[in-house]
Amino acid sequence: MTKQLKQPVPVYRMPEPDAKITDGVLRSGTFGDIYFSAENGLAETRNVFIDGTNLENRIKSHAHLVIAETGFGTGLNFLAVLDLLEKSDSDCRIDYISFEAYPLDATTAFEARKPFAELHNNSAQLKEVWPERWACAHHRLFLQDRVHLHVHFSDALTAMKQLDFKADVWFLDGFSPSKNTELWSEELFLQIARLSAQNATISSFSVAALVKEGLTKAGFKIEKKKGFGKKREMLTARYNTISAAPRNLSSEKNVIIIGAGIAGASIAHGLRATNIPHIILESADRIASGSSGNPAGLQTPQLMAAPHPSMQMSLACFSYARQLALTQDVVLDKGIISLHHPEKQGMRQKKMAGQEWPEDLVKAASAHQLTQNANLELQTEGFIQSAGQLIDPSKLTYQLLDKSEVKTGITIIAMSKKQGIWELRTSNGSIHTATDIVLAMGSALPQFLERFSLPSLKLQVTSGQLSFLPSNTKLSTLECSLQYGGYVTPMIEGIQALGASFDLSGTMQLTKKAHLHNISLLPTELQKLLPDSLELTGRVSRRLASQDRGPLIGDWHDTIHLFSALGSRGLTNAPLLGLVLARKIANRPSGLDRDIMRIIDPHRFSIRATRTNYRR
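Residues numbered from 1 in each chain as written. Predicted model: local features only at pLDDT ≥ 70, side-chain atom pairs only at ≥ 80, totals over all residues. Heavy atoms only, no water.

Draft legend 1. Structural detail: the overall build of the protein. Of the regular secondary structure elements, the protein holds 19 helices and 29 strands. With respect to the principal axes defined by its C-alpha atoms, the protein has extents near 80 × 65 × 60 Å. The 616 residues of the protein split such that 56% are buried. When contacts within the protein are restricted to residue pairs at least 6 apart in sequence, long-range pairs at least 24 apart make up 73% of them. Carbon and sulfur atoms make up 48% of the accessible area of the protein, which amounts to about 27,400 Å² in all. Side-chain charges in the protein split into 68 positive and 60 negative, and the spacing between the mean points of these groups amounts to 5 Å. (Helix = DSSP H or I, 4+ residues; strand = E, 2+ residues; numbered from the N terminus. Buried < 20%, exposed > 50% of the residue type's maximum accessible area, 1.4 Å probe, protein only. Contact = heavy atoms within 4.5 Å. Areas by Shrake-Rupley, 256 points an atom, 1.4 Å probe, with all protein chains shown as cover. Lys, Arg positive; Asp, Glu negative; His and termini not counted. Charge placed at Lys NZ, Arg CZ, Asp CG, Glu CD.)

Draft legend 2. Geometry of the pairing of strand β7 (residues 147-153). Extensive coverage of β7 is indicated by the burial of seven of its seven residues. With seven bridges joining them, strand β5 (residues 93-100) and β7 adopt parallel strand pairing. Residue pairing in the sheet places E100 in a bridge with F153 of β7. As paired elements, strand β6 (residues 137-142) and β7 share six bridges and run antiparallel to each other. Within the sheet, the bridge partner assigned to R140 lies in β7 and is L149. Remark: four residues form the turn of the hairpin made by β6 and β7, two consecutive strands paired antiparallel; L143 in that turn has positive phi of roughly 50°. (Pairing = 2+ DSSP bridges.)

Draft legend 3. Geometry of helix α15 (residues 512-521). If you check which residues of α15 are buried, you get A514, H515, N518 and I519. For α15, the arc enclosing every buried residue in end-on projection is 140°, short of the 170-degree limit, so these residues lie on one face. Turned more than 90 degrees from where α15 packs its buried face, K512 and K513 sit exposed. Each element contacted by the buried residues of α15 is listed here: β23 (460-469), β26 (496-499), α16 (524-527) and β27 (537-545). (Arc of directions from axis to C-beta.)

Draft legend 4. Spatial organisation of the packing of aromatic side chains. Under the defined criterion, the tally for this structure stands at 16 aromatic pairs. Summarising the aromatic geometry, the rings of F36 and F116 are spaced 5.5 Å apart at their centres and angled 65° between planes, so their arrangement reads as edge-to-face. In this pair, F36 sits in the loop between β3 (33-34) and α1 (41-50) while F116 sits in the loop between α4 (106-113) and α5 (120-128), placing the two residues 80 residues apart along the sequence. Side by side, F36 and F116 carry an identical accessibility label, which is buried. Seen from their ring centres, F448 and F452 are 4.7 Å apart, and the 50° between their planes marks the pair as tilted. The residues F448 and F452 share a single accessibility class, namely buried. Through a chain of ring-to-ring contacts, the aromatic side chains of F49, F72, F78, Y96, W130, F142 and F171 assemble into a single cluster. (Phe/Tyr/Trp six-rings, centres within 6.5 Å; stacked < 30°, edge-to-face > 60°.)

Draft legend 5. Layout of the pairing of strand β1 (residues 19-22). Pairing of β1 with strand β2 (residues 25-28) involves four bridges; the strand directions are antiparallel. Directly across from I21, in β2, lies its bridge partner L26.

Draft legend 6. Seen up close, the nonpolar core. L55, F78, I94, F165 and W170 are the most contacted members of the largest nonpolar core, which has 76 residues in total. The element best represented in this core is helix α3 (residues 76-87), accounting for eight residues. Dropping the residues within four chain positions of it, L55 is found in contact with I50, L65, I67, V81, L84, V169 and F171. A137, I267, V438 and L566 belong to the second largest nonpolar core, which has 47 residues in total. (Core = buried A, V, L, I, M, F, W, Y, C linked by side-chain atoms within 4.5 Å.)

Draft legend 7. Region of the structure containing the sheet that holds strand β13 (residues 278-281). One open sheet accounts for six strands, arranged β18-β13-β12-β22-β29-β28; its pairing is mixed. Each edge of the sheet is formed by a strand with only one pairing partner; in this case those strands are β18 (405-407) and β28 (552-557). Each adjacent strand pair in this sheet contributes to an overall mean axis angle of 20°, direction not counted. Both strand β22 (residues 436-439) and strand β29 (residues 560-564) contribute to a ladder of three bridges, which runs parallel. For L439, the partnering residue across the bridge sits in β29 and is L562. Lying on the sheet, helix α9 (residues 262-273) is in contact with β12 (255-258), β13, β22 and β29; it crosses β12 at an angle near 160°. Each of β12, β22, β28 and β29 touches helix α17 (residues 570-585); the most contacted strand, β29, lies at about 170° to it. (Axes fitted to C-alpha atoms, helices over the stretch in contact; angles between N-to-C directions.)

Draft legend 8. Structural view of empty space enclosed by the protein. Counted under the stated rule, the structure contains two cavities of 30 Å³ or more. Roughly 40 Å³ of volume is contained in the largest cavity. Together, S463, G464, Q465, S501, D503, T507, Q509, T511, A514 and V540 line the largest cavity. Ranked by residue count, the leading element in the lining of the largest cavity is β23, at three residues. (1 Å grid on protein atoms, 1.4 Å probe; cavity = no way out; pocket = protein on both sides within 12 Å on 5 of 7 lines; lining within 4 Å. Points joined across faces, edges and corners; volume = space filled by probe spheres on them.)

Draft legend 9. Quick look at the confidence of the model for the protein. Put simply, the protein has an average pLDDT of 93, and 96% of its residues get 70 or more. The model gives residues 1-6 a pLDDT under 50, and that stretch makes zero contacts with residues more than four places away or in other chains. (pLDDT = per-residue confidence, 0-100.)

Draft legend 10. How the structure looks around the environment of G71. Looking at the element boundaries, G71 is found in the loop between β4 (64-70) and α3. Since its relative accessible area comes to 10%, G71 is described here as buried. Each C-alpha atom, one on G71 and one on P103, is 9.1 Å from the other, the two residues being 32 residues apart in sequence.

Draft legend 11. Region of the structure containing the sheet that holds strand β21 (residues 431-434). Taken in spatial order, the three strands of this open sheet run β19-β20-β21, and their pairing is antiparallel. Single-partner strands in this sheet number two, and they are β19 (412-418) and β21. Across the sheet, the mean angle separating the axes of adjacent strands is 20° when strand polarity is ignored. The pairing of strand β20 (residues 421-426) with β21 spans four bridges and is classified as antiparallel. Among the inter-strand pairings, E423 is bridged to a residue of β21, identified as T433.

Draft legend 12. Molecular detail of the layout of surface pockets. Each pocket or cavity is described by its volume, and for the second largest pocket that value is around 850 Å³. Lining the second largest pocket are 43 residues, with I34, Y35, D173, G174 and F175 sitting closest to its centre. Residue assignment for the lining of the second largest pocket shows that the elements contributing at least two residues are β3, α1, α3, β5, α6 (156-161) and β11 (233-239). Examining the composition of the lining of the second largest pocket, we find that four residues originate from one element, α1, more than from any other. Looking at the lining of the second largest pocket, its residues break down into 20 nonpolar, twelve polar and eleven charged. (Nonpolar A, V, L, I, M, F, W, Y, C, P; charged D, E, K, R; others polar.)

As structure tokens, this is what we get:
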């Protein structure tokens, strides 16, 4: 009998960097190297990377640039780019894509940047939104959304293989090739070439033979230049290989968004950040009329015991949505307890407890510890998820739509396309035109597709009912949100929400049966805290689900795009996915792995069916 090898335990926690500031300079113990020049790190950055790529002139002559970097480090190069853009009279917008396998913590990075006082304001903002040490892509917006930072906390080569973009500029800024060979490998240079636009420029402090040879083999024409300070030489290169395609930006775009819930608000937020004009049309008489109007909702990632693209997507989305909620001041409560209940969830979570997770995502705790956190006696073990949040969905929706034009009470009666422009006629006689349409209407999508003879999908419309507990039950002492198959929130402005039912009929009627279902989801010890006779109020909203329960984000038919089927994690996934779809419409880097883009593609079902038939 062959002995089965034990599978390695997945590790989701990024390595702790061994970095300390000594003699005014941040040094890496792991690599035995400094993060930037001891003479003047900012001057070095400007000499090597800003001047070395002729970035000032490129910013002035381009409407949009993609800058990519190996080694985010302290973020000093990024801040130098922000400073250059602020001081220019250019309207250029920038996607800044960086890779970091040993991410620093926000405080250490900020302290290392302190000597550069002229960068203080942006440096302080970067500290506030510094990504959590989670192994995923992190996205942040700067300078009134003109700069989109994509930071991939991952091995650079692994991440690059999964991405598709065309960089105009590259900063090669890993530790010295003799001390960190992985960031200077021939395979990595080939990926850099694949991800380079025609005439892309590269700069590097290193002139090591392996760097020169690797870039030359990958198709770059290299040139040595005077180095910074005591360093005699630095390296620049240009990618002018015939096979390199120029980066094509989309022509002028304007968009009609149909739906003004969290989905519509998120795509509007993304389009504003991408500088694309848009208008939102909503059939109801107000914004956030569906589930986005619930009094409270959880922001948590979908964590799994085994790696999967959907979890990577969820982590990236959570990183962005969590920070956005804090910025928009819509957080009602911080920290969530996830109980090992019911049995299926408990088995999965107990398996996860043996894996290496960041403590703010997964921290195993006893029933006694959870009882102390919850201020309520719990008899089940579970996780403390300190990064999780309870937010106000309606407030977030309104605030994301604040700077967009929204028209409510709109019924679309006709839709046609002439010479590349869509024309929508409404029941009140108004006409709206756009190059693109985004369908973000939730459960109304199947009917809309059928009504206007658009390609259909297999979709499921269900309804979910929240139950609102009165303030006089013994559950009202709860001090943080609990997840357990269902969920219950603390008392927020006189309302304690208990949810949520799943009704295949799609009814919009409040029912006692749904209230009883929500109560039955509670662990037994918590059910006993509720009186036998209980008058409950609540709220019902419809949901839309795809065949595989994944979201539908992307092109659907003739410049009509779907932003739908967000399911129970819309508050977590929608904000970043809205930004991603806006980037796709503008033909800019999405910032998500190819595998993630596949599992949200609305055409994935027909693609899978075609592959299955081909195999047969």
